[in-house]
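So you can see what is in the structure, the chains are spelled out below.
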Amino acid sequence: MKLARIVVTGMAVALALSACGGGGGAGSGGTASAGGLEKTQLLIGVVPVPSSAPLFIAEKRGFFQAEGLTVKTEIIQAPQAVMPKILNGSMDAFLTSYVSLMAINDTGAAKLKLFQHSQEAAPGVAGVVVAKDSPIKTAADLKGKTIAVNVLKALGQTLTNAHLQQAALKPEDVKYVQVPFADQLSALSSGSVDAAWLVEPFLTAAKKSGATQIIDTTDGVTAGVPIDGWGVSEEWLAKNPKTAAALHRALAKAQEIASSDRKAIDEVVPTYTQIPAEAAAAMTLGKFSLQADKAGVQKLADLLHGYGYLKAKVDVAQLFAPPAG
């Protein structure tokens, strides 16, 4: 359980740092620059997961500075929690899963666009695990069992459902309960859940503590599923076209580095997650690419709608921001 404690403690420290001003504050006060940028000071919400790495690569290598931007960061846990800041303009952009972005748009709470893709899944990035001595060995054995997910009716439940159907089960054949990633190992140990859906770095920590993975939810029928990217509001894009173009150039340059240089990712992950370097290097990563596979995004959207997690069908072509000028 040592690595699990390190990871969980690291996440807590990262969140505490954000609350103490470790990346707070300047989003709405950015002034226009001599180069024509509508804003030069930006506040961006980041989640302490590997997908945020390109932003920190851009900061470390001076890409924002070269574009005339000063970027502050704030650690967030979910996009839904910062929608008030996005809507009032005090936060400019944020890391979001595709599921969260589509869910927020579906509720009508905001009109969001995917500004820059970050990561799509690769085998081993997320999966369903059971306790070390569990009699559950396959997906088919989950019938009638309880599965922990970090958020109900979101990515974990959607991916797991697809694999259950491959095993001739229906989504209603299992019970999903919401348990934070940090608490899922103890829930497994106590027997309060029979299985848990985990992502990195929690998945690696669980395996090292003795848990057994029975489903790789980022392989097989759900291989290559898009995970997340950087979101902005339609209003922000309209008000800040030159700033948007500058931000996009910096993020895209860093994204290209992340796609080909694992060491660049490993160097920055401990700086914003407080995960030790050795743990960061042990994580399985997804694929960092410049653009999302729109067919994969459409497949995910159709799954979400088919399971009733989205009220309206999604035309994914409408999710993406137009190319920055």
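Cut-offs and rules
Per chain, the residues get numbers from 1 upward, laid out in the order the sequence is written. Whole-chain, interface and lining totals are the exception, using all residues; otherwise, since this is a predicted model, local features are given only for residues with pLDDT of at least 70 and side-chain atom pairs are given and counted only at 80 or more. Think of the side-chain values as coming from all heavy atoms in the structure, minus any hydrogens and water. Here a strand is any run of E in DSSP of at least two residues, a helix any run of H or I of at least four, and the numbering for each starts at the N terminus. The buried label applies to any residue whose accessible area, calculated with a 1.4 Å probe on protein chains only, is under 20% of its type's maximum; exposed applies above 50%, and partly exposed to all values in between. Every residue pair with non-hydrogen atoms within 4.5 Å of one another is taken to be in contact. We get accessible surface area from the Shrake-Rupley algorithm with a probe of 1.4 Å; when it comes to residues, only the shown protein chains can shield them. Pairing between two strands is assigned when DSSP locates at least 2 bridges connecting them. Two N or O atoms count as a polar contact when they lie within 3.5 Å, although within protein this holds only if one can serve as hydrogen donor and the other as acceptor, and sequence-adjacent residues are included solely when both atoms are side-chain atoms. pLDDT is a per-residue confidence score from the predictor, ranging from 0 to 100. Definition used for salt bridges: Asp or Glu carboxyl oxygen within 4 Å of a side-chain nitrogen of Lys or Arg. Side-chain atoms within 4.5 Å are what join buried Ala, Val, Leu, Ile, Met, Phe, Trp, Tyr and Cys residues into a set we call a nonpolar core. Pairing of aromatic rings covers Phe, Tyr and Trp, the last counted by its six-membered ring, and requires centre-to-centre distances within 6.5 Å; plane angles under 30 degrees mean stacked, over 60 mean edge-to-face, and any other angle means tilted.

Colleague: Let's hear about the overall build of the protein: which residues, and what values?
Modeller: Within the protein, the secondary structure is distributed over 13 helices and 11 strands. Counting over 325 residues, the protein shows a buried share of 54%. The contacts in the protein between residues at least 6 apart in sequence include a share of 78% that link residues at least 24 apart. If you sum the accessible surface of the protein, you get close to 13,800 Å²; carbon and sulfur atoms cover 54% of it.

Colleague: Report on the sheet that holds strand β1 (residues 41–46), specifying residues and quantitative values.
Modeller: One key point about sheets: their strands pair by backbone hydrogen bonds, in either a parallel or an antiparallel sense. The strand order across the open sheet built from 6 strands is β2-β1-β3-β10-β4-β11, with neighbouring strands paired in mixed fashion. Each end of this open sheet is capped by a strand with a single partner; those strands are β2 (70–75) and β11 (287–288). For strand β3 (residues 93–97) and strand β10 (residues 226–233), the ladder comprises 4 bridges, and the chain directions are antiparallel. Across the sheet, residue L95 finds its bridge partner in β10, namely W230.

Colleague: Talk me through the side chain of Q119; I want residue IDs and the actual numbers.
Modeller: Turning to its location among the elements, Q119 is positioned in strand β4 (residues 112–120). A distance of 2.6 Å separates the side chain of Q119 from the side chain of S51, its partner in a polar contact. Among the polar contacts made by the side chain of Q119, one reaches the main-chain amide nitrogen of G286 at a distance of 2.5 Å. Those residues in contact with Q119, other than ones at most four positions away along the chain, are P50, S51, P226, I227, D228, L285, G286, K287 and F288.

Colleague: Tell me about helix α2 (residues 53–60), and name the residues and values.
Modeller: By the criterion of burial, α2 is predominantly enclosed, with 6 of the 8 residues buried. Three or more residues of α2 are buried, namely A53, P54, L55, F56, I57 and A58. Downstream of α2 by a residue or two, G62 has a phi angle that is positive, lying close to 80°.

Colleague: Give a description of the confidence of the model for the protein that names residues and reports values.
Modeller: Mean pLDDT over the protein stands at 88; residues scoring 70 or higher make up 89%. Long-range and interchain partners of residues 1–28, a stretch whose pLDDT sits below 50, account for 54 contacts in this model, where long-range means more than four residues apart.

Colleague: Could you give me a rundown of the side chain of T160, with the residues and numbers involved?
Modeller: The residue T160 is located in helix α6 (residues 155–166) in this model. Among the polar contacts listed, one links the side chain of T160 to the backbone oxygen of G156, at a separation of 2.8 Å. When sequence neighbours within four positions are dropped, the list of residues in contact with T160 reads V128, I147, Y176, W197 and T217.

Colleague: An account of the pattern of salt bridges is needed here, citing residue identities and associated values.
Modeller: Tallied over the entire structure, the rule returns 8 salt bridges. A salt bridge links K60 to E267, with the nearest nitrogen and oxygen atoms 3.1 Å apart. Taken together, the residues K60 in helix α2 and E267 in helix α11 (residues 262–273) connect sequence positions 207 residues apart. Owing to a relative accessible area of 54%, K60 belongs among the exposed residues under this scheme. In this structure E267 comes out as partly exposed when scored by relative accessible area, which is 38%.

Colleague: Please provide a residue-by-residue account of the nonpolar core, values included.
Modeller: Ranked by internal contacts, the top residues of the largest apolar core, which has 107 residues, are F64, M102, L142, W197 and L247. Tallying contributions element by element places helix α10 (residues 241–260) first for this core, with 8 residues. When near neighbours in sequence (up to four residues on either side) are disregarded, L247 contacts L42, I44, F64, L69, F115 and W236.

Colleague: Outline the packing of aromatic side chains, supporting the account with residue identities and numerical values.
Modeller: Considering all chains together, one arrives at 6 aromatic pairs under this definition. With 6.3 Å between their ring centres and 90° between their planes, F115 and W236 make a pair best called edge-to-face. Taken as a pair, F115 in strand β4 and W236 in helix α9 (residues 234–239) lie far apart in primary sequence, 121 residues in all. Judged on exposure class, the residue F115 and its partner W236 are both buried.

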